[in-house]
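Chain residues, written in single-letter form:
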Amino acid sequence: MALPGALAGIRVLDFTWVRAGPWATRMLGSLGAEIIKVEWPENLDMIRRGTATVPEGVEEGPNSAGLFADSNANKLGITLNIRSESGLDLVRDLIAVSDIVMENFSSRVMQRRGLGYEELRKLKPDIIYVSMAGFGHTGRHHSYTTMGPSAQALSGLTFLSGVPDAPPAGWGYSYLDDTGGMYGAMCALTALRHRTVTGQGQHVDLSQMTMGITLTGAAFLDRTVNGRESRREGYPPGNRTVWPGAPLENSYRGPAAVPHNAYRTRGGGHNDWCVIACFSDEEWEELVRVMGSPQWATDADLSGLPGRIRRQDDIDQNIEVWTQTLEKYELAAMCQDTGVRAMPVQSSQDRVENDPQLRERGMFMEFDHAVLGRREYQSVPFKLSKTSAEVRGPAPLIGQHTREVMEGLLGLSRQEVLDGYDDGTLWPADMPRHLYIEEALK
Amino acid sequence: MTEASIGQTGTALAGPLAGIRVLELADEKGQFCGKLMADLGADVVKIEPPGGQNTRSVGPFLDDVPHPERSLYFWHYNTSKRSVTLDLESSEGKGLFLRMVPTADVVLETYPPGYLPGLGLGHDDLARLNPGLITCSLTPFGQTGPWRDYQTSDIVHLAAGGQMASCGYDPEDVPDAPPIAPGGGNAWHIACHHAYIAIMAALHYRAMNGEGQLIDASVHESCALTTEGAVPTYIYTGKVVQRHTGRHAFPGQSSRTQRSTKDGRWVQITGGNPTPRRLRALAEWMDTYGLAQDLLDEKYHDLDTFRQSIGHFNDVIAEFLSHIDLEEAWQGGQQRGFPWGAIRTMEEIVGDPHLEDRNFFTDVDHQELGRNFTYPGPAAIYNGSPWSISRRAPLIGEHNQEIYCGELGLSRQELSLLAEARVI
């Protein structure tokens, strides 16, 4: 696409690692910002070290993790020893030519390295500094740390998910890492707008645990306004909006609705399920017609919501007898043809292979990666009519762009770069260099 | 910066989006995006159908009394906005809307694809009146594609987007469990975060180049992009993750990380960065209860041995946690460098002193009720321009006079006639 990026000309100095921070800068890169990811081989990003997404037949190493390749798309990668004085000098030079600095270390790491906000603004008075610590930099427990799952637990998100009288099901992934990344990007862009208008930068102190609380929806106000107890009968209500037999209290899924559940479909596999939800009597009648108006469903008692709530277990069981005769995409299409809200539970494989919508909208783009070969990368969930918004290429190999950035951006000579490799500033002096680094230094 | 100075500057400064006006034509799909912008300082004018948006009929309600001005759901998602009522399908209503468009920076809308253009209110129509206008159309599947007109809801998106495929139970905990949709509203939250980013990027581009544009944002794509490692795991290994109770979906078996405590609660102990010092501190803590078993042995403080013995570690830790209460468990872990977290409910979150320190809890005045209520406040502290709720959600058409008379210059008589004709 020949469109310019909306953030063309914006440079982000990226100290982030693991998932939430890299996901933030990846998005800014998709919008056209230049992202310079700063790494050090002796303190590798744990996602680079992870082995679970190394493809079969690929040797394990810092450039072999598929999850890293996708999470860190759209970035330049440099290696720089910020624990050395010479490395710190180069970092300062980079800050002076950057618009935004982002990091997701625990709360006092940047300060201890002499890179707290007060230092950053001396180097670049209008710098935007976004910190993404678990508990934030402010508050008595600022030194506490989180991973996605513990942030979800502490924010109240985990408790909301599950069936009554069982442990919480929670989120089966680090939702607050992905979403934390989006908040990091939101904070950077919001502060950028403030800078455009006022000329002033600022420190944005984001907290991963805190951001999850608002995402519990009306649960918070139901507590502070109505005094509702969270540990109550029939709550959380599984996939339903109300639990059979329990008091009719809102479970924060939106309006009360029956049916509202996941139903097993033909095949019976782990992801052979389809969700169906009817939010009005008319939608229910439509579903009854799609099912072929079986006798159980035409019972007048079920034509209104109170009756459907009373007999929800019966309804769910009977719907599932029907859904098990159909394949999940076929079932969803039958429902959708008459306006019934239904979609298959889609696995990762389904979304990559079987989802015609994501395919047509270009949500996966192919790129070559020196170690991982040609692969698909997740793109961007919106389109802008005048600027590009899409994944631009896989993650950098470790240190792939060090020379390019040092010479092109900071104006170092080739000799200074070579010296930096020899004295442990740009690569650990005693660590063998990858072939591509040797090539880049020729 | 000290905490006190944040509080002081926070009251004196405008929010980072001050000066931006948003016209919000959004239901449950987009209202959270409008709230984020409004709490950050934008003037978000919510344009509701006469009688109020249907999101006002969603519970829970104040004191469980259903009423369009008592929906806590609506309150939560519409803070800091103003409200006018308007029938966009009437010619007078359409005319009033078009008179507001030149004052707007952003139109945020969630109507089905084609609806607004069908009324002559598509982005191209509006941009003729306001070339810098940014229109964000947030729809279930975007403006194009084979599923464009499919009907959805929050849980329907959580199914199609992949959230449910990753969330649920081990069969030992709940036999035959279906995939479990995480807490309600998160499909909309995920979409609104992305819509917000797109709008801010477009605002930046406009500031640099003067041009507005149209954003075509998709709830489905937003959800499909928000499943962490599930898609890369498939792309790189061909494996599909399986659901497990309270921990990461994973292609094979994995250790439990959600453990029960003596007081019948749960603590989440995923991940972290163990060091010999931390492992020793953990063992010494367990030993104060006589529950360290053999973990005081120096060999377990070596990281290689730790990794090889992780199953043993998990067993000993689980046994220990079952002998202490939740509060001691998670804070004790944190104090020793482990990123543990209590599975909290609102009872434990409201009043959390750390969140108090961050001025998270926000007292919001509901003057018409003569009451104040505590709301969840900012996720981030902006030290140069505060993120804070400026007022409760608007009443239906609360700002009709302010905007139609005060800004557009209608007389009170004209306003009355429009109300009688159900235009507003």
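A. Layout of the overall build of chain A. Helix and strand counts for chain A stand at 19 helices and 12 strands. When the backbone C-alpha atoms are referred to their principal axes, chain A occupies close to 85 × 50 × 40 Å. Expressed as a percentage of its 442 residues, the buried residues of chain A come to 58%. Of all intrachain contacts in chain A linking residues separated by at least 6 positions in sequence, the fraction that spans at least 24 positions is 66%.

B. The overall build of chain B, seen in detail. Secondary structure summary: chain B contains 19 helices and 12 strands in total. C-alpha extents for chain B along the principal axes are approximately 85 × 50 × 50 Å. For chain B, buried positions account for 55% of its 424 residues. The long-range share in chain B, meaning contacts at least 24 apart out of those at least 6 apart in sequence, stands at 65%.

C. Region of interest: the nonpolar core. Residues A:A188, A:V275, B:A195, B:A198 and B:I199 are the most contacted members of the largest nonpolar core, which totals 243 residues. For this core, the leading source of residues is helix α9 (residues 186–209) of chain B, giving 15 residues. With sequence-adjacent residues up to four places away left out, B:I199 is seen in contact with B:V106, B:I134, B:C136 and B:I215.

D. Structural detail: the pairing of strand β6 (residues 202–207) of chain A. Counting buried positions along β6(A) gives six out of six residues, so the element sits mostly inside the fold. Residues A:Q202, A:V204 and A:L206 of β6(A) are buried on one face, and the alternating residues A:H203, A:D205 and A:S207, pointing to the opposite face, are buried as well. Judged from the six bridges that link them, strand β5 (residues 128–133) of chain A and β6(A) form a sheet pairing that is parallel. Counted as the bridge partner of A:M132 is A:L206 from β6(A). Where β6(A) lies against strand β12 (residues 380–382) of chain B, three bridges are found, and the strand directions are antiparallel. Paired with A:V204 across the strands is B:Y382, a residue of β12(B).

E. Highlighting the sheet that holds strand β7 (residues 258–260) of chain B. All names here are of chain B. Strands sit in the order β7-β8-β9 across an open sheet of three strands; the sheet is antiparallel. Both edges of this open sheet fall to β7 and β9 (341–342), since each of them pairs with a single strand only. Relative to strand β8 (residues 266–268), β7 is paired through three bridges, and the arrangement is antiparallel. Each bridged residue has a counterpart across the sheet, and for Q258 the counterpart in β8 is Q268.

F. Broad picture of helix α18 (residues 414–422) of chain A. Residue and element names in this part refer to chain A. Taken as a whole, α18 has its buried residues at V417, G420 and Y421. Mapping the buried residues of α18 onto a view down its axis gives an arc of 100 degrees, with all of them on the same face. Opposite the packed face of α18, turned more than 90 degrees from it, sit the exposed residues Q415 and D422. Tucked inside the fold, the buried residues of α18 contact α17 (402–408) and α19 (435–441). Downstream of α18 by a residue or two, G424 has a phi angle that is positive, lying close to 85 degrees.

G. A look at the packing of helix α8 (residues 175–198) of chain A against α9(B). Relative orientation of the contacting elements α8(A) and α9(B) amounts to 25 degrees, with a least axis distance of 9 Å. It follows that α8(A) is roughly parallel to α9(B) by the angle criterion. Where α8(A) crosses over α9(B), the handedness of that crossing is left-handed. Within the contact between the two elements, α8(A) uses A:T179, A:M182, A:A185, A:M186, A:L189, A:T190, A:L192, A:R193 and A:T196 and α9(B) uses B:I190, B:H193, B:H194, B:Y196, B:I197, B:M200, B:A201, B:L203, B:H204 and B:A207. The residue makeup of the contact of α8(A) with α9(B), split by class, is 12 nonpolar, six polar and one charged.

H. Structural context of the sheet that holds strand β7 (residues 260–264) of chain A. Residue and element names in this part refer to chain A. Spatial ordering of the open sheet is given by β7-β8-β9, a layout of three strands whose pairing is antiparallel. In this open sheet, the two strands that pair with only one neighbour each are β7 and β9 (341–344). With direction set aside, neighbouring strand axes in the sheet form an average angle of 20 degrees. Two elements, strand β8 (residues 273–277) and β9, share four bridges in a ladder whose sense is antiparallel. From the neighbouring strand, V275 faces β9, where its bridge partner is M343. Across the sheet, helix α14 (residues 328–337) lies against β8 and β9, angled at about 165 degrees from β9, the strand it touches most.

I. Structural detail: the environment of B:G332. Inspection of the secondary structure puts B:G332 in helix α15 (residues 326–335). With 20 C-beta atoms packed within 10 Å, B:G332 lands in the buried category.

J. Just α9(B), in detail. Here α9(B) is 24 residues long and its end C-alpha atoms lie 34 Å apart, about the 34 Å a rise of 1.5 Å per residue gives. Residue B:G210 follows α9(B) closely and has a positive phi angle near 80 degrees.

K. View of the packing of helix α1 (residues 20–30) of chain A against α8(A). Residues and elements named next belong to chain A. One can describe the packing of α1 onto α8 by two numbers: an axis separation of 7 Å at closest approach and a directional angle of 50 degrees. Taken together, the axes of α1 and α8 are oblique relative to one another. Crossing hand, α1 versus α8: right-handed. On α8, the residues that touch A20, G21, W23, A24, M27 and L28 of α1 are D177, D178, G180, G181, M182, G184, A185 and A188.

L. Expanded view of the interface of chain B and chain A. At the junction of the two partners, chain B supplies 135 residues and chain A supplies 132 residues. With 16 residues, the single largest contributor to the side of chain B that touches chain A is α9(B). Along the lines of polarity and charge, the residues of the side of chain B that touches chain A split into 71 nonpolar, 48 polar and 16 charged. Where strand β12 (residues 382–384) of chain A meets strand β6 (residues 214–218) of chain B, three bridges bridge the pair, whose relative direction is antiparallel. Bridge pairing in β6(B) places A:K383 opposite B:D216.

M. Region of interest: unusual backbone geometry. A cis geometry characterises the amide bond from A:V258 onward to A:P259, with omega recorded as 0 degrees. Structurally, the position occupied by A:P259 is in the loop between α10 (219–224) and β7. The residue after B:G59, namely B:P60, is reached through a cis peptide bond having omega 0 degrees. Among the structural elements, B:P60 can be located in the loop between β2 (43–48) and α3 (72–77). Positioned with a positive phi, A:N74 is a non-glycine residue whose angle comes to about 75 degrees. Here A:N74 is to be found in the loop between α3 (66–71) and β3 (76–79). By C-beta crowding, A:N74 is classed as buried, having 26 other C-beta atoms within 10 Å.

N. Looking closely at the environment of A:F367. Residues and elements named next belong to chain A. Relative to the assigned elements, F367 resides in strand β10 (residues 364–369). F367 sits in the partly exposed class, given 16 other C-beta atoms within 10 Å. Considered as a pair, F367 and Y117 are 250 residues apart in the sequence and their alpha carbons are 37 Å apart. Here F367 is in contact with R375, Y377, G393 and P394, once residues within four sequence places are set aside.

O. Representation of the pairing of strand β1 (residues 11–14) of chain A within the structure. Residues and elements named next belong to chain A. Looking at chain direction, β1 and strand β2 (residues 34–39) are connected through four bridges and run parallel. Each residue of the ladder has a partner; that of V12, found in β2, is I35. Summarising the sheet, β1 and strand β4 (residues 100–103) pair through three bridges and their orientation is parallel. Within β4, the residue paired with V12 across the bridge is I100.

P. Representation of the confidence of the model for chain B. When pLDDT is averaged along chain B, the result is 95; 97% of the residues meet or exceed 70. Confidence drops under pLDDT 50 across residues 1–11 of chain B; counting only partners more than four residues distant or on other chains, this segment forms 11 contacts.

Q. Examining the environment of A:G254 more closely. Within the element layout of this structure, A:G254 appears in the loop between α10 and β7. It is 28 Å that separates the C-alpha atoms of A:G254 and A:L326, two residues lying 72 residues apart in sequence. Not counting the four nearest positions on each side in its chain, A:G254 is found in contact with B:E28, B:V58, B:S153, B:D154 and B:G184.

Definitions and limits used
Residues numbered from 1 in each chain as written. Chains lettered and ligands numbered in written order. Predicted model: local features only at pLDDT ≥ 70, side-chain atom pairs only at ≥ 80, totals over all residues. Helix = DSSP H or I, 4+ residues; strand = E, 2+ residues; numbered from the N terminus. Buried ≥ 20, exposed ≤ 12 C-beta atoms within 10 Å, placed from the backbone. Contact = placed C-beta atoms within 7 Å. Core = buried A, V, L, I, M, F, W, Y, C linked by C-beta atoms within 7 Å. Pairing = 2+ DSSP bridges. Arc of directions from axis to C-beta. Axes fitted to C-alpha atoms, helices over the stretch in contact; angles between N-to-C directions. Parallel < 35°, antiparallel > 145°, perpendicular 65-115°, else oblique. Left-handed = near helix turned anticlockwise from the far one by under 90°. Nonpolar A, V, L, I, M, F, W, Y, C, P; charged D, E, K, R; others polar. Expected span 1.5 Å × (residues − 1). pLDDT = per-residue confidence, 0-100.

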